[in-house]
Amino acid sequence: MTQENLFHSSGKPAWCPGCGDFGILSSIEDALVNSGKKPHEVLIVSGIGQAAKLPHYINTNGFAGLHGRALPAAFGAKAANHHLQVLVTSGDGDIYGEGGNHFIHAIRRNIDITLIVHNNQIYGLTKRQASPTSDLGMVTKTQPNGVSTIPFNPLAIAITLDAVFVARSFSQEKAFTTQLIEEGIRTPGFSLIDILQPCVSFNTINTYKWYSERVYKLDSSHDPADKLQAYEKSSEWGDKIPIGILYKSARKTFLDDQFKPKDLPLFKRKTRMKEIISLINELY
Ligand SMILES: Cc1ncc(C[n+]2csc(CCOP(=O)(O)OP(=O)(O)O)c2C)c(N)n1
Ligand code: SF4
């Protein structure tokens, strides 16, 4: 980008030098510029963790929720103002672990939110405990004998639940990540972009080198409309890890029946206090 990025904030991120989170922040800024949105039209919601600090470092509206609760907060905001472009950025622990239940049901409802998960396969903020995506055998402070529970596969779950846009990227592939986020933003409904993000301080296994040696871009032989092919790709993990758009489908979003794009957002409508009080009295 040559011109000044409107979304760039002067705040200095409190991330370790070399952390993959920097690349993701920069890709989100570029994707938002390319989307044609203005900073006041965008809300970024997060939970708790290193990744979840991102809304502090970007020039948009921001909301830091409780641990694992970014998605319900984001849904509330989208329902109150359907004109807002709502993004969620958080870590694999926050979204797939503590927030796992919300992850599942937000996809089922097809809420129009772009979810960007910084997947470093570890709890970074709390200094190296296994996360739901840690590989089997990984030794951590809390798993001294190695992780023995099978990893959570967010892409396979999202495909099963017919998420409308399911993609994976690698934080070092900045331009590629930008494109995927942009497409996620443009897609109406629930988009998942899971981004492999090296944690240089606490994950000494899944490093830049480890990911670089394994990731490859899906080519035109992959058809994102083919659910079975998407499944196959979502389970490819080890010597080869595919990045790109794994799955795309189209269906109505949760709010499609409630609001038309031109409708006045809920928060601008007059509160009908009399009716609300009578409803409360009826239920009380
Ligand atoms: C209810 C609650 N439980 C546990 C914690 C402690 N905690 C803070 S961040 C975190 C995990 C963060 O991991 P992840 O989401 O992967 O983000 P990262 O720091 O790796 O970016 C945990 C367990 C908390 N803050 N609140
Ligand atoms: S601990 Fe890991 S995830 Fe957190 S800022 Fe440092 S490198 Fe990034």
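Structure: see above.
Description of the structure in this document. Fair warning: this is a prediction, and the values are worked out from it, not measured in the lab. (Residues numbered from 1 in each chain as written. Chains lettered and ligands numbered in written order. Predicted model: local features only at pLDDT ≥ 70, side-chain atom pairs only at ≥ 80, totals over all residues. Heavy atoms only, no water.)

### What about the packing of aromatic side chains?
Argument step 1. Applying the stated criterion across every chain, the model contains 10 aromatic pairs.
Argument step 2. Between Phe103 and Phe152 the ring centres are 6.2 Å apart and the planes differ by 65°, which places this aromatic pair in the edge-to-face class. With Phe103 in helix 4 (residues 100–109) and Phe152 in the loop between strand 4 (114–119) and helix 5 (154–160), this residue pair connects regions lying 49 residues apart in the sequence.
Argument step 3. With a centroid separation of 6.0 Å and an interplanar angle of 45°, the aromatic rings of Trp210 and Trp237 are classed as tilted. Here Trp210, found in helix 7 (residues 208–214), pairs with Trp237, found in the loop between helix 8 (227–234) and strand 8 (241–248); they are 27 residues apart in sequence, far enough to count as distant. (Phe/Tyr/Trp six-rings, centres within 6.5 Å; stacked < 30°, edge-to-face > 60°. Helix = DSSP H or I, 4+ residues; strand = E, 2+ residues; numbered from the N terminus.)

### Thoughts on the sheet that holds strand 8
Argument step 1. Within the open sheet, the eight strands sit side by side as 2-1-3-4-6-5-8-7. Their pairing is mixed. Because the sheet does not close on itself, it has two edges, and the strands there are strand 2 (61–64) and strand 7 (215–217). Taken pair by pair, the neighbouring strands of this sheet meet at an average axis angle of 20°, ignoring direction.
Argument step 2. As defined by bridge partners, strand 5 (residues 165–170) adjoins strand 8 across four bridges and the pair is classed as antiparallel. When the sheet's bridge partners are listed, Ala167 is paired in strand 8 with Ile245.
Argument step 3. Across the sheet, helix 6 (residues 174–186) is in contact with strand 3 (85–91), strand 4, strand 5, strand 6 (191–196), strand 7 and strand 8; its angle to strand 5 comes to roughly 160°. (Pairing = 2+ DSSP bridges. Axes fitted to C-alpha atoms, helices over the stretch in contact; angles between N-to-C directions. Contact = heavy atoms within 4.5 Å.)

### Let's talk about the site of ligand 1
Argument step 1. Every one of the 16 residues lining ligand 1 counts as a neighbour, but Gln50, Gly93, Asp94, Gly124 and Leu125 are closest to it.
Argument step 2. Within the backbone of Gln50, one N or O atom sits 2.8 Å away from an oxygen atom of ligand 1.
Argument step 3. Asp94 has a polar backbone atom sitting 2.7 Å from an oxygen atom of ligand 1.
Argument step 4. Counting residues per element, the shell around ligand 1 draws most heavily on helix 3 (residues 92–98), at four residues.
Argument step 5. Residue classes in the shell around ligand 1 are distributed as five nonpolar, eight polar and three charged. (Near = heavy atom within 4 Å. Polar contact = N/O pair within 3.5 Å; in protein donor to acceptor, adjacent residues only side chain to side chain. Nonpolar A, V, L, I, M, F, W, Y, C, P; charged D, E, K, R; others polar.)

### Quick notes on empty space enclosed by the protein
Argument step 1. Under the definition given, this model contains one cavity of 30 Å³ or more.
Argument step 2. The calculated volume of the largest cavity comes to roughly 90 Å³.
Argument step 3. In terms of lining residues, the largest cavity is bounded by Trp15, Cys16, Cys19, Asp21, Gln50, Asn120, Gly124, Gln197, Cys199, Val200, Ser201 and Phe202.
Argument step 4. In terms of residue class, the lining of the largest cavity is made up of six nonpolar, five polar and one charged. (1 Å grid on protein atoms, 1.4 Å probe; cavity = no way out; pocket = protein on both sides within 12 Å on 5 of 7 lines; lining within 4 Å. Points joined across faces, edges and corners; volume = space filled by probe spheres on them.)

### Brief notes about the pattern of salt bridges
Argument step 1. Overall, the coordinates contain 11 salt bridges when judged by the stated rule.
Argument step 2. Arg186 serves as the salt-bridge partner of Glu182, at 3.6 Å between the closest nitrogen and oxygen. Of this pair, Glu182 and Arg186 are both found in helix 6, four residues apart, which corresponds to roughly one turn of the helix.
Argument step 3. Overlapping salt bridges bring together Lys209, Glu213 and Arg214 as one network. (Salt bridge = Lys/Arg side-chain N within 4 Å of Asp/Glu carboxyl O.)

### Considerations on the site of ligand 2
Argument step 1. Neighbouring ligand 2 are the residues Trp15, Cys16, Cys19, Gln50, Asn120, Gln197, Cys199, Val200, Ser201 and Phe202.
Argument step 2. Its atoms largely coinciding with the cavity grid, ligand 2 occupies the largest cavity.
Argument step 3. Across the shell around ligand 2, the residue classes break down as six nonpolar, four polar and no charged. (Sits in = over half its atoms within 2 Å of the grid points.)

### Quick notes on the layout of surface pockets
Argument step 1. For the largest pocket, the calculated volume is near 280 Å³.
Argument step 2. Along the walls of the largest pocket sit 16 residues, with Lys78, His82, Asp112, Asp256 and Pro261 positioned nearest its centre.
Argument step 3. Class assignment of the residues belonging to the lining of the largest pocket gives a composition of six nonpolar, five polar and five charged.

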